[in-house]
Amino acid sequence: MSTSISAIKEEYKKASDFEIMEFEQEISALNEFIEKYSPDERSGVKTVIKSAQKKLSSLESEIERIKGMMKFEEKYGDEYKAICGVDEVGRGPLAGPVVTAAVILPKGLIIPYLNDSKQVNEKRREELYDIIMDKAVAVAIGIRSEKEIDEMGIAVADSAAMKDSVLGLKVKADMVLVDAFKIPGLDLKQVPIVKGDTLSVSIAAASIVAKVTRDRMMDDYSKQYPEYGFDSNKGYGSAKHIEAIKQVGPCDIHRRSFIGNFT
């Protein structure tokens, strides 16, 4: 007696229900599932097999994408032993700090779905954050407050926070991959990469850590200053946020140098 289609669907669900870092097991399970049920000529089974093949192809493509993002780490990996990726989040908001992260990943570590934090949804960012914090050789955060941004200017504050994060690593970096531009005053080999958060796993990991860290800070601020909606806008200039500034005035974490036109 053949296996029921509902049972096959349940088996497919199990074959594709793995954690992010269990991608090798998922690929193996999907291959076994496809091989087992491909001879079944029932249309319902063929539909499930097509879904499994699509999922397998997507996962294998994702692994290849991540391997492609290791090209800079591989290029410099023989000469440098502790390659660090650095990125920032929060240059443009009207409120809150700028946050940077520096991350050293183990050589050859594949983390599927790693990407520029802006290209990853919140749930996946949180999952990736936990993986990075668990697997990384070292992670450090740099922060410059809204008051420091007003005093220094955003470019100087951003660079200072980036430098802090690199120097704050418990394992000393001997090379830095940085998104777009070099960090002034940092006496280390630096390689600036335009759109580096989509081209380097180390910079992408830093992007995720910086984004999640800052988002959590803004969620906390939203409880203190609920009228501005920081939990949803993260300090950026949404229409509701700007209207709140006009109606209520700025709060302590607003960047005075950024909100002149709204007060």
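The rules behind each value
Residues numbered from 1 in each chain as written. Predicted model: local features only at pLDDT ≥ 70, side-chain atom pairs only at ≥ 80, totals over all residues. Heavy atoms only, no water. Salt bridge = Lys/Arg side-chain N within 4 Å of Asp/Glu carboxyl O. Helix = DSSP H or I, 4+ residues; strand = E, 2+ residues; numbered from the N terminus. Buried < 20%, exposed > 50% of the residue type's maximum accessible area, 1.4 Å probe, protein only. Axes fitted to C-alpha atoms, helices over the stretch in contact; angles between N-to-C directions. Parallel < 35°, antiparallel > 145°, perpendicular 65-115°, else oblique. Left-handed = near helix turned anticlockwise from the far one by under 90°. Contact = heavy atoms within 4.5 Å. Nonpolar A, V, L, I, M, F, W, Y, C, P; charged D, E, K, R; others polar. Expected span 1.5 Å × (residues − 1). Arc of directions from axis to C-beta. Core = buried A, V, L, I, M, F, W, Y, C linked by side-chain atoms within 4.5 Å. Polar contact = N/O pair within 3.5 Å; in protein donor to acceptor, adjacent residues only side chain to side chain.

Some details on the pattern of salt bridges
All told, the structure shown has 19 salt bridges when counted by the stated rule. With a shortest N-O distance of 2.7 Å, Arg65 and Glu62 are connected by a salt bridge. Of this pair, Arg65 and Glu62 both sit in helix 3 (residues 43–68), three residues apart, which is roughly one turn of that helix. When its relative accessible area of 28% is taken as the criterion, Arg65 is described as partly exposed. Across the pair Asp215 and Lys211 runs a salt bridge, and its minimum N-O distance is 3.3 Å. Of the two residues, Asp215 and Lys211 both sit in helix 8 (residues 201–224), four residues apart, roughly one turn of that helix.

Describing the packing of helix 2 (residues 23–37) against helix 3
At a closest axis distance of 10 Å, the pairing of helix 2 and helix 3 adopts a crossing angle of 150°. Classed by the angle they form, the pair helix 2 and helix 3 counts as roughly antiparallel. Pair helix 2 / helix 3 crosses with left-handed handedness. Seen from helix 2, the contacting residues are Phe23, Glu26, Ile27, Leu30, Asn31, Phe33, Ile34 and Tyr37; seen from helix 3, they are Val45, Val48, Ile49, Ala52, Gln53, Lys55, Leu56, Leu59, Glu60 and Ile63. Per-class residue counts for the contact of helix 2 with helix 3 are 13 nonpolar, two polar and three charged.

A few points about the environment of Thr3
Following the sequence through the fold, Thr3 ends up in the segment before helix 1 (5–15). Judged by its relative accessible area of 35%, Thr3 is partly exposed. Sequence-wise, Thr3 and Val156 are 153 residues apart; in three dimensions their C-alpha atoms are separated by 65 Å. Sequence-distant contacts of Thr3, that is, excluding residues within four places in its chain, are made with Ile8, Tyr37 and Arg42.

Some words on helix 2
For helix 2, with 15 residues, the first-to-last C-alpha span of 21 Å sits near the 21 Å given by 1.5 Å per residue. Buried residues of helix 2: Phe23, Glu26, Ile27, Ala29, Leu30, Phe33, Ile34 and Tyr37, and no others. Down the axis of helix 2, the smallest arc covering the buried residues is 165°, so these residues share one side. Residues of helix 2 that are exposed and point more than 90 degrees away from the buried face comprise Glu24, Glu32, Glu35 and Lys36. Against helix 1 and helix 3 lie the buried residues of helix 2.

Side note on the nonpolar core
Membership of the largest hydrophobic core comes to 44 residues, with the highest contact counts inside it found for Phe33, Val103, Leu105, Ile111, Leu114, Ile132 and Ile208. Of all elements in the fold, only helix 1, helix 2, helix 3, strand 2 (98–104), helix 5 (122–135) and helix 8 reach the threshold of two or more residues within this core.

With respect to the side chain of Lys234
Position of Lys234 relative to the elements: it lies in the loop between helix 9 (230–233) and helix 10 (239–248). Looking at Lys234, its side chain comes within polar contact range of the main-chain oxygen of Asp231, at 2.7 Å. Sequence-distant contacts of Lys234, defined by excluding residues within four places in its chain, comprise Pro93, Ala95, Arg214, Asp215, Met218, Asp219 and Gly229.

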